[in-house]
Amino acid sequence: MWSWYAADSVLTIRAEAGGPLSQLDGRWTLQSLLEQFDGLARVRIATPLRSGRPGDPIDIRVTLLDGRPAHFFGAFHDHGVARGLIVAAEAGARLIHGESNVEPAFQPIRRLDTLTVAGFEALARFRAPDGKLVGPDTLVALGGDTDWNAIAPVMLAKSAETLAQLRGDGHDVFMQVNLSAAEIAQPLLVEEIAAIIRDAGLPHGVLRVELTEQAAMRDFEGALGALAAFRAAGAGIVLDDFGAGHSSFAWLAEIPADGVKLDPKLCRMVRQPRACRIVTALTGLIRGLGMTVTAEGIEDRMVADELHAIGCDFVQGYAYDMPLRLPDIAVAFDPVNPSGA
Ligand code: C2E
Ligand code: CA
Ligand code: CA
């Protein structure tokens, strides 16, 4: 993880002790840091850092004096403040996709005004010993282990492939994939997602990562750097489960997200006056910050109508859709009977 403050011309790097970039760990003035790179790299990194404006991505490959490559990925967060990840990898390095028993199921996310499909959330499903496909909770209950670190690249690749196919068929949709804290802390995942987006020819922001605050809370600075890097790689960002657990408004202020998913429990209570006021205020706040609002876990169409009246953008839940396996995904584009009949 790296952060840059132009005002004091200081770049701070957190690199794992004993890792391939450990010699870069610490606080550097730009001048002293540049001495670690070859001549060409010095210009490549100094110019964007000095002139970046809020939102500008940073995507710079440099060569260290010992000949090893490093990749700075990130974005300007504010005037003179940029953050990101450094990946120590050969150009084009990818995570290893081992044999995996994971496959995504796709749950539609619908526009509340038209009930047409705006996108999907990819949810991991696993092949249980009896051959059935089960969700993460069932897998754990069966004594299985979800190694999310190994799952992320597979989920990303398979979800991106499906997304590219759907978009190729003329469906203007997005795809949201869940990432845990451990996953976003893996710098190679950013290389991976950049390569996936590039190879699939996807426009910026249609492949999105869903992140729970709880996941990122363990390391706020690290998460901000990682999210900036994901953005520079072309991914969109969605905050999951806002309003549950350790939600904080500082998150809304700091995170460069495209959208927020509200806690399902809160959304389901929306027909109660007090909950309604809370969801209304949250929706106004989030939309006012330029982000979309998704109400998730909605099982009742009357609740969805209420959420529409309040101004939420999207709905996801059993009221309209179960998570679909890939062969069944076309069903999502059948017209919805708004009455549910
Ligand atoms: P989540 O990200 O909050 O996902 C939403 C969960 O709500 C999913 O459960 C989904 O099937 C379920 N759901 C959708 N609509 C409704 C509804 O109307 N009512 C109710 N009661 N539930 C609904 P699922 O698939 O069992 O996933 C559980 C959690 O596991 C997810 O919660 C997410 O945190 C995690 N997860 C799933 N796939 C992945 C993955 O690929 N990577 C990571 N890191 N985590 C994943
Ligand atoms: Ca999610
Ligand atoms: Ca959620």
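Asker: What's the story with the coordination of the calcium ion (ligand 2) in this structure? I'm lost.
Answerer: Of the protein atoms, only Glu121 (OE), Asn178 (OD1), Glu210 (OE) and Asp240 (OD) coordinate the calcium ion (ligand 2), at distances of 2.2 to 2.3 Å. Read N to C, the donor residues that coordinate the calcium ion (ligand 2) are spaced as E-x56-N-x31-E-x29-D.

Asker: When you look at the pairing of strand β2 (residues 10–13) in this model, what are you seeing that I'm missing?
Answerer: Residues in a regular strand project their side chains so that they alternate between the two faces of the sheet. Sheet topology note: the strand β1 (residues 2–5)/β2 ladder contains four bridges and is antiparallel. Pairing of tryptophan 2 across the sheet is with isoleucine 13, part of β2.

Asker: Can you walk me through the pattern of salt bridges in this structure?
Answerer: When their charged atoms lie close together, side chains carrying opposite charge are able to pair. A full pass over the atoms with the stated rule returns twelve salt bridges. The salt bridge partner of aspartate 66 is arginine 68, with a shortest N-O separation of 3.0 Å. The class of aspartate 66 is partly exposed, set by a relative accessible area of 48%. Across the pair glutamate 296 and lysine 261 runs a salt bridge whose closest N-O atoms are separated by 3.1 Å. Highlighted residues: glutamate 296 in strand β14 (residues 292–296) and lysine 261 in strand β13 (residues 259–262), separated in sequence by 35 residues. An identical accessibility class is assigned to glutamate 296 and lysine 261; each is buried. Overlapping salt bridges, with partners in common, bring together Glu121, Glu210, Lys261 and Glu296 in one network.

Asker: Honestly, unusual backbone geometry in this entry has me stumped. Any pointers?
Answerer: Most of the time, phi is negative for any residue but glycine, and the peptide bond is trans. In the Ramachandran plot, leucine 115 falls in the positive-phi region, its phi being about 60° despite a non-glycine side chain. Along the chain, leucine 115 turns up in the loop between β7 (102–111) and β8 (117–127). In this model, aspartate 241 sits at a positive phi of 55°, which is unusual for a non-glycine residue.

Asker: Can you walk me through the site of ligand 1 in this structure?
Answerer: With respect to spatial proximity, 22 residues lie near ligand 1, and among them Gln107, Ala124, Arg125, Glu299 and Tyr318 are the closest. Glutamate 121 places a polar side-chain atom, nitrogen or oxygen, 3.3 Å from an oxygen atom of ligand 1. Measuring from an oxygen atom of ligand 1, one finds a backbone N or O atom of tyrosine 318 at 2.8 Å. Calculation on ligand 1 without its partners gives an accessible area of 800 Å², and the protein chains cover 80% of this total. More than half of the atoms belonging to ligand 1 lie within 2 Å of the grid points that define the largest pocket. Mapped by element, the contributors of at least two residues to the shell around ligand 1 are β8, α4 (148–168) and β12 (236–242).

Scoring rules and cut-offs
- Residues numbered from 1 in each chain as written.
- Chains lettered and ligands numbered in written order.
- Predicted model: local features only at pLDDT ≥ 70, side-chain atom pairs only at ≥ 80, totals over all residues.
- Heavy atoms only, no water.
- Donors = N, O, S within 2.8 Å, 3.2 Å for Na, K, Ca; no water.
- Pairing = 2+ DSSP bridges.
- Helix = DSSP H or I, 4+ residues; strand = E, 2+ residues; numbered from the N terminus.
- Salt bridge = Lys/Arg side-chain N within 4 Å of Asp/Glu carboxyl O.
- Buried < 20%, exposed > 50% of the residue type's maximum accessible area, 1.4 Å probe, protein only.
- Near = heavy atom within 4 Å.
- Polar contact = N/O pair within 3.5 Å; in protein donor to acceptor, adjacent residues only side chain to side chain.
- Areas by Shrake-Rupley, 256 points an atom, 1.4 Å probe, with all protein chains shown as cover.
- 1 Å grid on protein atoms, 1.4 Å probe; cavity = no way out; pocket = protein on both sides within 12 Å on 5 of 7 lines; lining within 4 Å.
- Sits in = over half its atoms within 2 Å of the grid points.

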